[in-house]
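These are the residues of each chain, in order.
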Amino acid sequence: MNTRTIRTLAAALSLTAALAISGCSGDSEPEMTVSGAFMPQPVNDKMAGGFMVIKNGSGTADKLTGATSSLSDDLQIHETKDQKMQQVQSMDVPANGELKLERGGNHIMFMGLKSTPKVGDKVAVELRFEKAGSVKVELDVKERTYNAQAPTSTAGHGH
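Residues numbered from 1 in each chain as written. Predicted model: local features only at pLDDT ≥ 70, side-chain atom pairs only at ≥ 80, totals over all residues. Heavy atoms only, no water.

The chain goes by Copper chaperone PCu(A)C in an unreviewed UniProt entry, where it is assigned to Streptomyces erythrochromogenes.

Participant: Please clarify how the side chain of serine 72 should be interpreted in this entry.
Facilitator: Here serine 72 lies in the loop between strand S3 (62–68) and strand S4 (74–81). A polar contact of 2.5 Å, which involves the side chain of serine 72, links it to the backbone oxygen of methionine 111. Each residue touching serine 72, except ones within four places of it in the same chain, is listed here: Phe110, Met111, Gly112, Leu113 and Lys114. (Helix = DSSP H or I, 4+ residues; strand = E, 2+ residues; numbered from the N terminus. Polar contact = N/O pair within 3.5 Å; in protein donor to acceptor, adjacent residues only side chain to side chain. Contact = heavy atoms within 4.5 Å.)

Participant: When you look at the packing of aromatic side chains in this model, what are you seeing that I'm missing?
Facilitator: Aromatic ring pairs are defined here through the distance separating the ring centres and the angle between the ring planes. Tallied over the full model, the rule gives 2 aromatic pairs. A centroid spacing of 5.3 Å and a plane angle of 35° characterise the contact between phenylalanine 38 and phenylalanine 51, whose relative ring orientation is tilted. One end of the pair, phenylalanine 38, is in strand S1 (residues 32–40); the other, phenylalanine 51, is in strand S2 (residues 47–56), and 13 residues separate them in sequence. Ring centres 4.8 Å apart and planes at 85° place the aromatic pair phenylalanine 38 and tyrosine 146 in the edge-to-face group. Of this pair, phenylalanine 38 sits in strand S1 while tyrosine 146 sits in the segment after strand S10 (133–142); the two residues are 108 residues apart in sequence, bridging distant segments of the chain. Since its relative accessible area comes to 4%, phenylalanine 38 is described here as buried. By way of ring pairs, the aromatic residues Phe38, Phe51 and Tyr146 are connected into one cluster. Just above the ring of tyrosine 146 sits the side chain of lysine 142; from NZ or CZ to the centre is 5.1 Å. (Phe/Tyr/Trp six-rings, centres within 6.5 Å; stacked < 30°, edge-to-face > 60°. Buried < 20%, exposed > 50% of the residue type's maximum accessible area, 1.4 Å probe, protein only. Lys NZ or Arg CZ within 6 Å of the ring centre and 35° of its normal.)

Participant: Please explain the pattern of salt bridges as it appears in this structure.
Facilitator: For the structure on display, the rule yields 5 salt bridges. In this structure, the salt-bridge partner of lysine 81 is glutamate 79, at a minimum N-O distance of 4.0 Å. Glutamate 98 is the salt-bridge partner of lysine 100, the closest N and O atoms lying 3.7 Å from each other. Owing to a relative accessible area of 33%, lysine 100 belongs among the partly exposed residues under this scheme. (Salt bridge = Lys/Arg side-chain N within 4 Å of Asp/Glu carboxyl O.)

Participant: What is the right way to look at the side chain of glutamine 76 in this model?
Facilitator: Mapped onto the fold, glutamine 76 is located in strand S4. At 3.3 Å, the side chain of glutamine 76 forms a polar contact with the side chain of aspartate 74. Here histidine 78 takes part through its side chain, which lies 2.7 Å from a polar atom of the side chain of glutamine 76.

Participant: Before we go on, may I ask you to explain unusual backbone geometry in this structure?
Facilitator: Outside of glycine, negative phi angles account for most residues, and trans bonds account for most peptide bonds. A positive phi angle, close to 50°, is found at aspartate 82, a residue other than glycine. Locating aspartate 82 in the fold gives a position in the loop between S4 and strand S5 (84–88). Even without glycine at this site, asparagine 96 takes up a positive phi of about 50°. Within the secondary structure layout, asparagine 96 lies in the loop between strand S6 (91–93) and strand S7 (98–101).

Participant: In this structure, what is going on with the pairing of S4? I would like to understand it.
Facilitator: Consecutive residues of a regular strand have side chains that alternate between opposite faces of the sheet. By the bridge criterion, 5 bridges tie S4 to strand S8 (residues 107–111) in an arrangement that is antiparallel. Bridging across to S8, leucine 75 finds its partner in phenylalanine 110. Counting the residues between successive antiparallel strands, the hairpin from S4 to S5 contains 2 residues, one of them, aspartate 82, with a positive phi of roughly 50°. (Pairing = 2+ DSSP bridges.)

Structure below.
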């Protein structure tokens, strides 16, 4: 082999190795899955909360940027800090991590409900992410006092 062929092969191998490494480094599109999605039965048609665990199964961090539902034209992302609730534009979903939306903490707020769902109903929601796009999920309407067990719990609940 001549020097030119060796350099060409070396460049091709370097490029192949770089592509293989970048494919494994988590630069792929985030993979979002949702578990434990529920909504406590609303008291009235003014507002309701949505709770779930969003898992990111990839090495690429993402952000929850919004949500839509036929139940309300005004869905908001709320964070709770120092026992105070406030609307935010987005929430981080860490790479290979999860975002917990739970009672007393961060959640999705449905404002001005078009109807009042009852226990046993399902509420369709489309979550929007900065990189992963849209993910459709159904929230089970539960009793007002219902509080989900953490998915990592050994109590057998949550999955």
